[in-house]
Amino acid sequence: MPYTTQLVEKGTCRSFIAEAKPPTVTMPRIKALMTGSIPGFIDVIMNLNSPTLLEDNLIWQAKTAGKRIIFYGDDTWVKLFPKHFVEYDGTTSFFVSDYTEVDDNVTRHLDSVLKREDWDILILHYLGLDHIGHLTGPNSPLVGPKLYEMDNILKKIHTSLLSKEGESSLPNLLIVCGDHGMSETGSHGGSSEEEVHTPLLFISSAFEKRSGPLKQPELVQQTDLAATLAIGLGLPISRNSVGNIILSVIEGKTMREQLRFLHLNGFQLSRLLQENMPTYEKDPGFEHFKIAEKSHGNWIKLYLEGNNSEVLLNLGKKVLKQYLEALKILSSSLSKQMAQYDIYSMTVGTVIVLEVLLLLLLSMPKALSSRAEFEVPLSPPLFSLLFYLMCLMLCAVHVIVCTSAENLCYFCSISWLMAVGVMMLISALMCVILSAFGKMLENPKLPAKNPAVSNSSWSELDVLILAGTVGHAVSLGASSFIEEEHQTWYFLINTLCLALCQEICRHYFLVKECDLQLSTAVKQNFDDIEETAQCRNVDIPSCDSKLGKVTSSGQLLKGSEKWMGLASPWIILICCRLLRSLNQTGVQWAHRPDFGHWLTSSEHKAVLSLLAGISLVMIFILVQRRCSLVSKIAMALGLLGVYSYRAAIGNVVFPWQQDSKDISKGIIEARFVYVFVLGIIFTGTKDLLKSQVISADCKTKSIGLWEVYSGLVLLAALIFRPHNLPVLVFCLLIQMIMTRCIWKPLKFDAAQITIMHYWFGQAFFYFQGNSNSIASVDISAGFVGLNNYVEIPAIFLTGFATYAGPLLWAIHLLCYLSSEVSRNSAAIGHGCFCYALICSVPVTVYIILVTGLRYHLFIWSVFSPKLLYEAMRVFITAAVCMFFTAMDQNRSQKIHD
């Protein structure tokens, strides 16, 4: 950007680095820029469909003062300020595949609007650079041309404003800023330095030209812009602003004006402090402000007396420093106090989640029994006196809290009918828990377990699973463990592989005596059958020869099976180690180079193309084994379409393709793949409906589930970035190894297999490159094959791309358990219950921890993003459990019958 660089180095410009507070996504950052307040993490969700901003803000103040405002760009502004602009043209901000037209639609208005005199404020929000970052990262070759384009636009605006300035008119002000930064992967939303630091330029002829060497830009807060602009435009500072006036912008004013501006800023902050802190008089910032205000009064007396001596100047500088110190402390205090927590609503939600977890724990004996019973007895509790007393008590508490609370409470703002429904839910859950607990005390005898899964004592694997689950839940109370949670899951699955290795050794080397007894029993059974046959005059001449053949072939198979079983944990460990090198994640080591960064660099496009091609071939080999012929053909064509899509958008190349080929959006290629995805899933769904409605055929159900799973694998291959395709390959490979060499030979029960699936699913969430920072969400995945922004498909594709690892492992769990129904008829029921339980434990613990740690230093940068991920995981878990329940419907009906 040569013109901008010239302005910064030698022109009438003041440059700063503005620090944004997380979450660094568009809508919360616009709110911070215009209100000066600190948005909450709920705004990340609201960012998808921004509501009208009702909080006092700069745009509203300007409109009230009669300022004529024109806006072009990101339609988030139009949603936040729907009736504030005299003219506007919004562009969709979520369609990240477009980085050309989205800016051209803004620039096309410039020539006409810059010639007009019927506006006071012009706001332009360009999106192209942000979209390029989401698509190809900050090091993309597309970034340079886009920056040059922005530089020319800035030059056009600046020269036009300079040409309009006359001797009698006030100088114009041009502000260049970013709402957020960009991480090394091109995303944003987290709290890394690259994401929170944004440029901020004030360009005006009112500033003196810079002379001397260029200094390091001053670090200011993004919230400071609202207060500075309000003073510059002669408007009141927004009511909830916690920002300070940027002194460098007003240093050209007289001492009297500077002190007046700082006093206005301090008065607004002190008034806001009084509204939010009962003991505001004891706050150091308020005390400093009162001292500065008193000194300011003394300075005014000297000024009115006409004293122009050095005493007046020195006193003015002293008052200036006192105001700046007071503003700094006031802003810091308010930043902590402005986080108003809705304790009542938080408590209600925490109680419901805790009750659900307790109900799951109390239902565990029956749910894991041979009948897999998980029935909630609602009739007795709902007609008990305790239920009605609790409802009345909770309703009374609700009335007292909502009529006495001065601050806004979400639970108090909902309708009374909904509030009463929540109270009844809490009361019913509590009565059911008490009823279940009472029955356990009356009848301590546990239900009979399934013989296939019962154990007289806990194994080392059971102890590991329990310790790992509890340890992970407890670790969520530490911010460092949340930032580096991937390390916890990597450690757990590595330890699990070592424990499985021990179980395999015990199975193949320490049970020979049991095998000998089993062979004797089989021999005795054959003898009994022969005797019975002789009594019935049935000729079985080859009984002994068949037994010998079975024994010899069994020994050969057992020999190869033994060595494959022994090698399988070590193969899985090698796969996991390779996956760890693919994507660096977390916070501490996220900046370090990894194999994924090496692959995505333009110099290694040929290597990436070769790896992507091999990965797609491996995916086909691993998936097609249980697919029908039609699905195999659809899978092959779909995977070919995946490579064609990536080649079309420039990620990979065909051997005959030239690098100079123009890239496109790949709309046709992606939709070509979607056709096969939907076709495979439809085929599987047809088989599932046939097994559920027409005939209860377990084999048909298993085939249908595998078809659905294959369709989801193809969808994941399409929306995964090319360097992440090996993650999908290793996922399928590990699942195949675990199924053939570990789960079936060792005959683990459904609960153990479910928890292993959950652990590997969590590990693969991080193998994809995800973290507990919002910045790791790949927004571009939501727009694969879309011409424009369509909310529902974009949200679904983004969510699936983010949680593909856990989802694929959960669906594979259902596929595996459906094949185990012949051995254990309650396998799917056990799996559903264990999956719900294992997901509920960390969520419940984390909600309680976050409630208790709400004033923690890293509550916004570490704990809040993790809470959003946990909330999304709850929805996914609920969807998975509903799918489990639907697939287990026939068996449940038989049990009731």
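Remember, predicted model here, so these are calculated numbers, not experimental data. (Residues numbered from 1 in each chain as written. Predicted model: local features only at pLDDT ≥ 70, side-chain atom pairs only at ≥ 80, totals over all residues. Heavy atoms only, no water.)

**Q** How should the overall build of the chain be read in this particular structure?
**A** Of the regular secondary structure elements, the chain holds 38 helices and seven strands. Within the chain, the proportion of its 897 residues that are buried is 50%. Sequence separation of 24 or more characterises 76% of the internal contacts of the chain that already satisfy a separation of 6 or more. Roughly 43,700 Å² of accessible area belongs to the chain as shown, and the carbon and sulfur atoms make up 63% of that amount. (Helix = DSSP H or I, 4+ residues; strand = E, 2+ residues; numbered from the N terminus. Buried < 20%, exposed > 50% of the residue type's maximum accessible area, 1.4 Å probe, protein only. Contact = heavy atoms within 4.5 Å. Areas by Shrake-Rupley, 256 points an atom, 1.4 Å probe, with all protein chains shown as cover.)

**Q** It is not clear to me how empty space enclosed by the protein should be interpreted in this structure. Could you clarify?
**A** Where empty space is left can be seen by rolling a probe of water-molecule size over the atoms. One pass over the full model with this rule turns up seven cavities of 30 Å³ or more. The calculated volume of the largest cavity comes to roughly 50 Å³. What lines the largest cavity is simply His158, Leu161, Leu162, Glu165, Asn172, Leu173, Leu174, Ile203, Ser204 and Ser205. The leading source of residues in the lining of the largest cavity is helix H9 (residues 143–164), at three residues. Its residues assigned to classes, the lining of the largest cavity comprises five nonpolar, four polar and one charged. (1 Å grid on protein atoms, 1.4 Å probe; cavity = no way out; pocket = protein on both sides within 12 Å on 5 of 7 lines; lining within 4 Å. Points joined across faces, edges and corners; volume = space filled by probe spheres on them. Nonpolar A, V, L, I, M, F, W, Y, C, P; charged D, E, K, R; others polar.)

**Q** For this particular structure, what's the right way to read the confidence of the model for the chain?
**A** One rule of thumb: low pLDDT means the predicted coordinates there are not for detailed reading. Residues of the chain with pLDDT of at least 70 account for 85%, and the chain-wide mean is 81. Predicted confidence is poor over residues 516–554, with pLDDT under 50, and the contacts of this stretch with residues over four places away or in other chains come to eight contacts. Segment residues 890–897 is flagged for pLDDT under 50; beyond a separation of four residues in sequence, or across chains, it makes ten contacts in the model. (pLDDT = per-residue confidence, 0-100.)

**Q** Got a minute to help me understand the nonpolar core in this structure?
**A** Note on soluble globular proteins: their nonpolar side chains tend to be buried together. Ranked by size, the top nonpolar core spans 117 residues in total, and within it Ile619, Ile719 and Phe760 carry the most contacts. If one sorts the elements of this core by residue count, helix H32 (residues 725–746) sits on top with 15 residues. Contacts of Phe760, omitting those with residues within four sequence positions, involve Ile493, Leu496, Cys497, Ile572, Cys576, Ile734, Met738 and Trp809. Listed in part, the 35 residues of the second largest apolar core include Met34, Ile59, Phe81 and Leu235. (Core = buried A, V, L, I, M, F, W, Y, C linked by side-chain atoms within 4.5 Å.)

**Q** Could you clarify how one ought to interpret the environment of Phe71 in this entry?
**A** Counting through the fold element by element, Phe71 comes out in strand E2 (residues 69–74). Using a relative accessible area of 0% as the deciding quantity, one classes Phe71 as buried. When the C-alpha positions of Phe71 and Gly90 are compared, they lie 7.9 Å apart, and in sequence the two are 19 residues distant. Contact partners of Phe71, with chain neighbours within four places excluded, come to Trp77, Val78, Phe85, Glu87, Tyr88, Asp89, Ile123 and His125.

**Q** Is there a simple way to think about the state of the cysteines in this case?
**A** Disulfides are covalent bonds that link the sulfur atoms of two cysteine residues. The tally for this structure, following the rule as stated, stands at one disulfide. Covalent S-S linkage joins Cys402 and Cys412, the inter-sulfur distance amounting to 2.0 Å. Because the torsion about its S-S bond is -85 degrees, the bridge between Cys402 and Cys412 counts as left-handed. One end of the pair, Cys402, is in helix H19 (residues 385–404); the other, Cys412, is in helix H20 (residues 410–413), and ten residues separate them in sequence. The exposure class assigned to Cys412 is partly exposed, which follows from its relative accessible area of 24%. (Disulfide = S-S within 2.5 Å.)

**Q** It is not clear to me how the packing of aromatic side chains should be interpreted in this structure. Could you clarify?
**A** A ring pair, where both rings are aromatic, is described by two values, the distance of the centres and the angle of the planes. According to the stated counting rule, one finds 27 aromatic pairs in the structure shown. Ring centres of Phe81 and Phe85 lie 6.4 Å apart, and the angle between their planes is 80 degrees; on these two criteria the pair is classed as edge-to-face. For Phe81, a relative accessible area of 0% puts it in the buried group. Residue classification places Phe85 among the buried positions, given a relative accessible area of 10%. Consider the rings of Tyr758 and Tyr835, whose centres lie 6.1 Å apart with planes at 85 degrees: the pair is edge-to-face. A residue pair is termed long-range when its members are at least 10 positions apart, and Tyr758 in helix H33 (residues 750–767) and Tyr835 in helix H36 (residues 827–852) qualify at 77 residues. Here Tyr835 falls in the buried class, since its relative accessible area comes to 6%. (Phe/Tyr/Trp six-rings, centres within 6.5 Å; stacked < 30°, edge-to-face > 60°.)

**Q** Before we go on, may I ask you to explain a nonpolar patch on the surface in this structure?
**A** The grouping of Leu354, Leu358, Leu361, Met364 and Ile848 at the surface amounts to a nonpolar patch, some 360 Å² of accessible area in total. Note on placement: Leu361 falls in helix H16 (residues 343–362). Overall, the relative accessible area of 37% leaves Leu361 in the partly exposed class. (Patch = residues over 30% accessible without salt bridge, like charges linked within 9 Å, V, L, I, M, F, W, Y side chains within 5 Å. Salt bridge = Lys/Arg side-chain N within 4 Å of Asp/Glu carboxyl O.)

**Q** How should helix H34 (residues 791–802) be read in this particular structure?
**A** Each turn of an α-helix holds 3.6 residues, which means side chains three or four residues apart point in the same direction. Helix length check: H34 (twelve residues) gives 17 Å between terminal C-alpha atoms against 16 Å at 1.5 Å per residue, within 8%. Ala794, Leu797, Thr798, Gly799, Phe800, Ala801 and Thr802 are the residues of H34 that are buried. (Expected span 1.5 Å × (residues − 1).)

**Q** Which parts of the structure should I look at to understand the sheet that holds strand E7 (residues 218–221)?
**A** Hydrogen bonds along the backbone pair up the strands of a sheet, which may run parallel or antiparallel. Read from one edge to the other, the open sheet built from four strands follows the order E5-E6-E1-E7, with strand pairing classed as mixed. Because the sheet does not close on itself, it has two edges, and the strands there are strand E5 (174–177) and E7. Within the sheet, the average angular offset between the axes of one strand and its neighbour, ignoring direction, is 30 degrees. One ladder, built from four bridges, connects E5 with strand E6 (residues 197–203); its direction is antiparallel. Each residue of the ladder has a partner; that of Val176, found in E6, is Leu201. (Pairing = 2+ DSSP bridges. Axes fitted to C-alpha atoms, helices over the stretch in contact; angles between N-to-C directions.)

**Q** Teacher, can you tell me more about the environment of Ser345 here?
**A** The residue Ser345 is located in helix H16 in this model. Remark: the alpha-carbon pair of Ser345 and Cys412, spanning 67 residues in sequence, is separated by 8.3 Å. Apart from residues lying up to four places away in sequence, Ser345 is in contact with Cys409, Tyr410 and Phe411.

**Q** Looking at this structure, I do not really get helix H14 (residues 284–304). What am I missing?
**A** The end-to-end C-alpha distance of H14, which contains 21 residues, comes to 30 Å, matching closely the 30 Å that a straight helix rising 1.5 Å per residue would cover. Regarding H14, the residues found buried are Gly285, Phe286, Phe289, Ala292, Ser295, His296 and Trp299. Between the side-chain oxygen of the N-cap and the backbone nitrogen of Gly285 there are 2.9 Å, and the N-cap of H14 in question is Asp283. Where H14 ends, the next residue or the one after it, Gly306, has phi of about 80 degrees, a positive value. (Polar contact = N/O pair within 3.5 Å; in protein donor to acceptor, adjacent residues only side chain to side chain.)

**Q** Looking at this structure, how should I read unusual backbone geometry?
**A** What is expected of a backbone is that most residues other than glycine have negative phi and most peptide bonds are trans. Even without being glycine, Lys747 reaches a positive phi, approximately 55 degrees. Its place among the elements puts Lys747 in the loop between H32 and H33.

**Q** Even after reading the chapter, I still don't get the pairing of E6, so can you show me in this structure?
**A** In regular strands, side chains alternate between the two faces of the sheet. In terms of burial, E6 is a largely internal element, five of the seven residues being buried. Bridge count between strand E1 (residues 13–19) and E6: seven bridges; the pairing is antiparallel. Considered in E6, the bridge of Ile17 is made with Pro199.

**Q** I keep staring at the sheet that holds strand E4 (residues 121–125) and nothing clicks. Help me out?
**A** Strands sit in the order E3-E2-E4 across an open sheet of three strands; the sheet is parallel. For this open sheet the edge positions go to strand E3 (87–91) and E4, each flanked by a neighbour on one side alone. For this sheet, the mean angle separating the axes of adjacent strands, direction not counted, is 5 degrees. Alignment of E2 against E3, held across five bridges, turns out to be parallel. Across the sheet, Ile70 pairs through a bridge with Glu87, a residue of E3.

**Q** So what exactly am I meant to see when it comes to the packing of H16 against H36 here?
**A** Packed helices, taken two at a time, are described by their axes: the angle between them and the distance between them. Remark: H16 packs on H36, axes separated minimally by 9 Å, with the N-to-C direction vectors making an angle of 150 degrees. It follows from the interaxial angle that H16 and H36 lie roughly antiparallel. Between H16 and H36 the crossing geometry is left-handed. Between H16 and H36, the residues in contact are Met346, Thr350, Val353, Leu354, Leu357, Leu360 and Leu361 and Phe833, Ala836, Leu837, Ser840, Val841, Thr844, Ile847, Ile848 and Thr851, respectively. Taken together, the residues of the contact of H16 with H36 sort by class into twelve nonpolar, four polar and no charged. (Parallel < 35°, antiparallel > 145°, perpendicular 65-115°, else oblique. Left-handed = near helix turned anticlockwise from the far one by under 90°.)

**Q** Is there a simple way to explain the packing of helix H22 (residues 460–475) against helix H24 (residues 485–509) in this structure?
**A** Direction vectors running N to C along H22 and H24 enclose 175 degrees, while the axes themselves pass 10 Å from each other. As summarised for this structure, H22 and H24 are arranged roughly antiparallel, according to the angle between their axes. Where H22 approaches H24, its residues Glu460, Leu461, Leu464, Gly468 and His472 are matched on the opposing element by Glu485, Thr488, Trp489, Leu492, Thr495, Leu496, Ala499, Leu500, Gln502, Glu503 and Arg506. Its residues assigned to classes, the contact of H22 with H24 comprises seven nonpolar, five polar and four charged.

**Q** Mind showing me how you'd approach the environment of Ser37 here?
**A** Considering the arrangement of structural elements, one finds Ser37 in the loop between helix H2 (26–35) and helix H3 (42–46). Between the C-alpha atoms of Ser37 and Asp224, which are 187 residues apart in sequence, the distance is 9.4 Å. If we ignore the near neighbours within four places in the chain, the residues touching Ser37 are Ala32, Glu55, Thr223, Asn240 and Ser241. There is a polar contact of 2.7 Å between the side chain of Ser37 and the side chain of Thr35.

**Q** Looking at this structure, how should I read the side chain of Ser15?
**A** Secondary-structure assignment places Ser15 in strand E1. Leave out the neighbours within four places in its chain, and Ser15 touches Val8, Leu200, Leu201, Arg210, Pro217 and Glu218.

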